[in-house]
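What follows is each chain in one-letter form.
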Amino acid sequence: MKMIGLIGGMSWESSAEYYRIINQGVRDRRGPTASARCLLWSFDFSEIERLQHGSDWPALTERMIDAAQRLEAGGAEILLICTNTMHRMADAVQAAISVPVLHIADPTAERIKKAGLRRIGLLGTAFTMEQDFYKGRLADRHGLDVIVPDEVDRATVHCIIYDELVAGIVTPASRAAYRDVISRLVARGVEAVILGCTEIMLLIRPEDSMVPLFDTTMLHARAAVDWALADSEA
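Residues numbered from 1 in each chain as written. Predicted model: local features only at pLDDT ≥ 70, side-chain atom pairs only at ≥ 80, totals over all residues. Heavy atoms only, no water.

Draft legend 1. Quick look at the overall build of the protein. Looking only at helices and strands, the protein has ten helices and seven strands in total. By the compact-globule yardstick of 17 Å for 234 residues, the protein fits well, its C-alpha radius of gyration being 17 Å. Along the longest, intermediate and shortest principal axes, the C-alpha atoms of the protein span 45 × 40 × 35 Å. In the protein, 75% of the contacts between residues at least 6 apart in sequence involve partners at least 24 apart. In the structure as shown, the protein presents an accessible area of about 10100 Å², 49% of it carried by carbon and sulfur atoms. Between the mean site of the 25 positive side-chain charges and the mean site of the 32 negative ones, the protein shows a separation of 5 Å. (Helix = DSSP H or I, 4+ residues; strand = E, 2+ residues; numbered from the N terminus. Rg over C-alpha atoms; globule rule 2.2 N^0.38 Å. Contact = heavy atoms within 4.5 Å. Areas by Shrake-Rupley, 256 points an atom, 1.4 Å probe, with all protein chains shown as cover. Lys, Arg positive; Asp, Glu negative; His and termini not counted. Charge placed at Lys NZ, Arg CZ, Asp CG, Glu CD.)

Draft legend 2. Looking closely at the sheet that holds strand β4 (residues 119–123). In spatial order, the strands read β5-β4-β6-β7; together these four strands make up an open sheet with parallel pairing. Of all the strands in the sheet, just β5 (145–147) and β7 (213–215) have a single pairing partner and so form its edges. Between one strand axis and the next, the sheet turns by 30° as a mean value, whatever way the strands run. Where β4 lies against strand β6 (residues 192–195), four bridges are found, and the strand directions are parallel. Note that in β6 the partner of Ile120 across the bridge is Ala192. (Pairing = 2+ DSSP bridges. Axes fitted to C-alpha atoms, helices over the stretch in contact; angles between N-to-C directions.)

Draft legend 3. Expanded view of the nonpolar core. Counting residues in each nonpolar core, the largest one holds 85 residues, and the members touching the most others are Ile7, Met64, Leu80, Met86, Leu123, Ile161 and Tyr178. Beyond its immediate sequence surroundings of up to four residues, Ile7 is in contact with Trp41, Phe43, Met64, Ala67, Ala68, Leu71, Leu79, Leu80, Ile81 and Cys82. (Core = buried A, V, L, I, M, F, W, Y, C linked by side-chain atoms within 4.5 Å. Buried < 20%, exposed > 50% of the residue type's maximum accessible area, 1.4 Å probe, protein only.)

Draft legend 4. Fine view of helix α5 (residues 105–114). Taken as a whole, α5 has its buried residues at Ala105, Asp106, Pro107, Thr108, Ala109 and Ile112. Its buried side turned inward, α5 meets β4, α7 (132–142), β6, β7 and α10 (216–229). Where α5 ends, the next residue or the one after it, Gly116, has phi of about 80°, a positive value.

Draft legend 5. Expanded view of the pairing of strand β1 (residues 4–8). Within β1, five of the five residues are buried, which leaves it mostly tucked inside the rest of the structure. Here β1 shows two buried faces, one formed by Ile4, Leu6 and Gly8 and the other by Gly5 and Ile7. Across five bridges, the pairing between β1 and strand β2 (residues 38–42) is parallel. Bridging from a neighbouring strand, Gly5 pairs with Leu39 of β2. Where the polypeptide runs from β1 across helix α1 (residues 12–30) and back to β2, its parallel neighbour, the crossover connection is right-handed. Taken together, the four bridges between β1 and strand β3 (residues 78–81) define a ladder with parallel strand orientation. Within the sheet, the bridge partner assigned to Leu6 lies in β3 and is Leu80. (Right-handed = clockwise from strand over helix to strand, strands pointing away.)

In structure tokens form, the structure reads like this:
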């Protein structure tokens, strides 16, 4: 089994889900006492959040590269950035290390294409929904037509993530707000919706949407298990 490196703590609520999903996946495939070989670098998210909202992306890139290099030095053979937003610097991280970075958008897009879908709604932080680093990869590498909510709905989605979900707060009112956002995306013709923030899976379930949901946390973590076990199961 290969060693998985996780850059987490952004927030730890979703990092805990990564750890659970990866270890459950290994146990399901290797037996009841099996667990994953993994290393976790966990940030203090209060520092990360401050730099994000201050648009200090160079400082954030430095921190991400440092974390990646520490994990590689510790023996990680593949790297997962356990957040969609911080894939903004995924290319810079990849250039600074010799082990592969498993980009969160790729297993998500592959599953969407396998389902025969193309016009996709995207929920996430404002950074993910509004900047091109994520939407561009989905479009350019995978041929997906990505639709984001309007400005008011983007603000709602973003605020619930940072004010509630990263702190583990899940409320019926916020679930209803997200359901309304999804309904408006469906009215614009989307065939499915990407849960493009790793905390959204804490709030939204398949029954909250009239179209399929693609949970990036689950798909990313399961792809890591596939990679870690590939040689041992060949």
